[in-house]
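An overview of the molecular structure
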Amino acid sequence: MDIFDSMKISSSALKAQRVRLNTISSNIANVETTRTPGGGPYRKKEVVFKSTGKIFEKHLDENLKGAVQGVEVSEIRNSQEPPKMIYDPSHPDANSEGLVAMPGINLFEEMADMMTASRAYDANVTAIKAAKRMALKALEIGR
Amino acid sequence: MKEITLLSHLKSLNPAATAAPVKPVGEGFAEALKNAVGQVNDSQVVADRAVEKLQTGESRNLHEVMISMEKADISMRLLTQVRNRVIEAYQEIMRMQV
Amino acid sequence: MPIPGLFDRTIGLLEKTLDLRMQNQQAISANIANVDTPGYRAVHLEFEEGLKHALAAADSGIAPEAGAAGGDFSRVQARVVRVADPSGIGDRNGVNLDEEMIDLAENQMLYEAATQMISKKLGLLRYVIQEGK
């Protein structure tokens, strides 16, 4: 059993939450983007989290195998929601009816998501600190 | 003032009636040592039980455990030092030229 | 040379406790890491009951030989319990982050307490063996 396994789990979460934070930043930055290289307005990006046992090689105890897992971003996908149509005839990308296809990104939603990601990130940092302290304490046995 | 009669005087001379009978010196010390060892052992047991209760979730009283461990530790160290002094004293006595 | 009875039952208990609490640290880390994973069931390890039973068995069981360290703790195993989200709404993630943070702190504290205690007991043994010199 490895103290570093615990830290690897937490660091997998740090990486995942960072990816999530990046997507949120991208969404917030592109809230008004109507033109993308692939054509059409910017589509909101979403991350999908999945538990993974890939980070351990051999150390995990028998009774924990399969239960204790890290996390990874399994995909960054475009939102399934259709773009929001706004009436704005003066917009350069307005269609024949004066409607513009906007990304439909809700800023409040993105901010709330960002706070959740930030809180999860902090929690994982605390977990790493706890694991590190425990390891250092174990080194002091017999000193 | 109490009356001093011949009877009361004789009674006080009787060793069986003396309030604090004086035991032979060797026995008294052996008793004290046995008590000390017993007490040190008790404090060890108390500390062990406290540790068990903490780790099995019966009690989360951390300072109680730390204090009883420290007490047991100090008692044992004191007893060891006393033992060392006693042995030194004994050896010194044995070295004496009679 | 390993002398039977040199390391008493409490030292055995503390050794096992350190193992179990390290496993618990991994489980809690996994829960915190998966706080946003949809459908994830939180992993909780139960072992305090198991330890209590091992102690009780040692107390009441076979009469110990003189000086033998009673209580076989090596067989105590943590029981894995998976807790799903009870509310049935949202992403069905079973992790309660606040509870996990408290468990993290408690487990860490008890692990460090155990290292301190085992250190103290071994230190005392060493002192006595060296005759306090």
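Provided above is the structure to which this section pertains.
The text that follows walks through the structure, step by step, so that each part is easy to find.

About the criteria used
Residues numbered from 1 in each chain as written. Chains lettered and ligands numbered in written order. Predicted model: local features only at pLDDT ≥ 70, side-chain atom pairs only at ≥ 80, totals over all residues. Helix = DSSP H or I, 4+ residues; strand = E, 2+ residues; numbered from the N terminus. Buried ≥ 20, exposed ≤ 12 C-beta atoms within 10 Å, placed from the backbone. Contact = placed C-beta atoms within 7 Å. Rg over C-alpha atoms; globule rule 2.2 N^0.38 Å. Pairing = 2+ DSSP bridges. Nonpolar A, V, L, I, M, F, W, Y, C, P; charged D, E, K, R; others polar. Expected span 1.5 Å × (residues − 1). Axes fitted to C-alpha atoms, helices over the stretch in contact; angles between N-to-C directions. Parallel < 35°, antiparallel > 145°, perpendicular 65-115°, else oblique. Left-handed = near helix turned anticlockwise from the far one by under 90°. Core = buried A, V, L, I, M, F, W, Y, C linked by C-beta atoms within 7 Å.

1. A few points about the overall build of chain C
Helix and strand counts for chain C come out as three helices and two strands. Reading the helices (α) and strands (β) of chain C from amino to carboxyl end gives α-β-α-β-α. Split into buried and exposed, the 133 residues of chain C put 40% on the buried side. Considering only intrachain contacts with a sequence separation of at least 6, the fraction spanning at least 24 residues in chain C is 80%.

2. Side note on the overall build of chain A
Within chain A, the regular secondary structure consists of two helices and four strands. Starting at the N terminus and ending at the C terminus, chain A contains elements arranged as α-β-β-β-β-α. What you see for chain A is a C-alpha radius of gyration of 22 Å, clearly larger than the 15 Å of a compact globule of 143 residues, by over 25%. Each principal axis of the C-alpha distribution contributes one length, and for chain A these read about 80 × 25 × 20 Å. A total of 143 residues make up chain A; the buried ones form 27% of that total. In chain A, of all internal contacts separated by at least 6 residues, the share reaching a separation of at least 24 is 68%.

3. Observations concerning the interface of chain C and chain B
Contacts between chain C and chain B engage 18 residues on the former and 15 residues on the latter. Residue assignment for the side of chain C that touches chain B shows that the elements contributing at least two residues are helix 1 (9-33), helix 2 (48-60) and helix 3 (97-129) of chain C. Broken down by element, the side of chain C that touches chain B gets its largest block of residues, eight residues, from helix 3 of chain C.

4. Details of the pairing of strand 1 (residues 42-46) of chain C
Residue and element names in this part refer to chain C. Strand 1 sits mainly inside the fold: four of its five residues count as buried. Direction of pairing for strand 1 relative to strand 2 (residues 79-83): antiparallel, over a ladder of five bridges. When the bridges of strand 2 are listed, L45 appears paired with V80.

5. A look at the interface of chain C and chain A
Each partner contributes residues to the interface: chain C has 32 residues there, and chain A has 33 residues. At the level of elements, helix 1, strand 2 and helix 3 of chain C are the ones that each hand at least two residues to the side of chain C that touches chain A. In terms of residue count, helix 1 of chain C provides more of the side of chain C that touches chain A than any other element does, 11 residues in total. When the residues that make up the side of chain C that touches chain A are grouped by side-chain class, the tally is 18 nonpolar, 10 polar and four charged.

6. Here's the deal with unusual backbone geometry
Residue and element names in this part refer to chain C. Phi is positive for R92, close to 55°, though the residue is something other than glycine. With respect to the helices, strands and loops of the structure, R92 is situated in the loop between strand 2 and helix 3. Given 15 C-beta atoms within a 10 Å radius, R92 is considered partly exposed.

7. Observations concerning the environment of A33 of chain C
Relative to the helices and strands, A33 of chain C resides in helix 1. Distance from A33 of chain C to V95 of chain C, taken between C-alpha atoms, is 9.7 Å for residues 62 residues apart in sequence. Contact partners of A33 of chain C, with chain neighbours within four places excluded, come to I9, S10, S12, A13, G70, V71 and N124 of chain A.

8. Regarding helix 3 (residues 62-95) of chain B
Over its 34 residues, helix 3 of chain B runs 50 Å from end to end, which matches the ideal 50 Å to within 8%, given 1.5 Å per residue. Every buried residue of helix 3 of chain B is accounted for by V65, S68, M69 and A72 of chain B.

9. Remarks on the packing of helix 2 (residues 107-139) of chain A against helix 1 of chain C
At a minimum axis distance of 9 Å, the contact between helix 2 of chain A and helix 1 of chain C shows a crossing angle of 165°. Classed by the angle they form, the pair helix 2 of chain A and helix 1 of chain C counts as roughly antiparallel. The two elements helix 2 of chain A and helix 1 of chain C meet at a crossing, and its hand is left-handed. Taken together, the residues of helix 1 of chain C that come into contact with helix 2 of chain A (itself represented by A123, N124, A127, A131 and M134 of chain A) are Q25, I28, S29, I32 and A33 of chain C. For the contact of helix 2 of chain A with helix 1 of chain C, the per-class residue count stands at seven nonpolar, three polar and no charged.

10. A look at the packing of helix 1 (residues 3-29) of chain A against helix 1 of chain C
Helix-helix packing is characterised by the crossing angle of the two axes and by the distance between the axes. The N-to-C vectors of helix 1 of chain A and helix 1 of chain C enclose an angle of 5°; their axes lie 9 Å apart at closest approach. Relative to helix 1 of chain C, the element helix 1 of chain A is oriented roughly parallel. Residue-level inspection shows I3, D5, S6, I9, S10, S12 and A13 of chain A of helix 1 of chain A in contact with helix 1 of chain C, the latter providing M22, Q25, Q26, S29, A30, I32 and A33 of chain C. Class assignment of the residues belonging to the contact of helix 1 of chain A with helix 1 of chain C gives a composition of seven nonpolar, six polar and one charged.

11. Thoughts on the nonpolar core
Grouped together as the largest cluster of nonpolar side chains are 54 residues, with contacts concentrated most on A13 and A127 of chain A, V51 of chain B together with L14, I32, A114 and M117 of chain C. The element best represented in this core is helix 1 of chain C, accounting for 10 residues. In this structure, A127 of chain A is in contact with S10 of chain A together with I28, S29, I32 and L104 of chain C, ignoring residues within four places of it in sequence.

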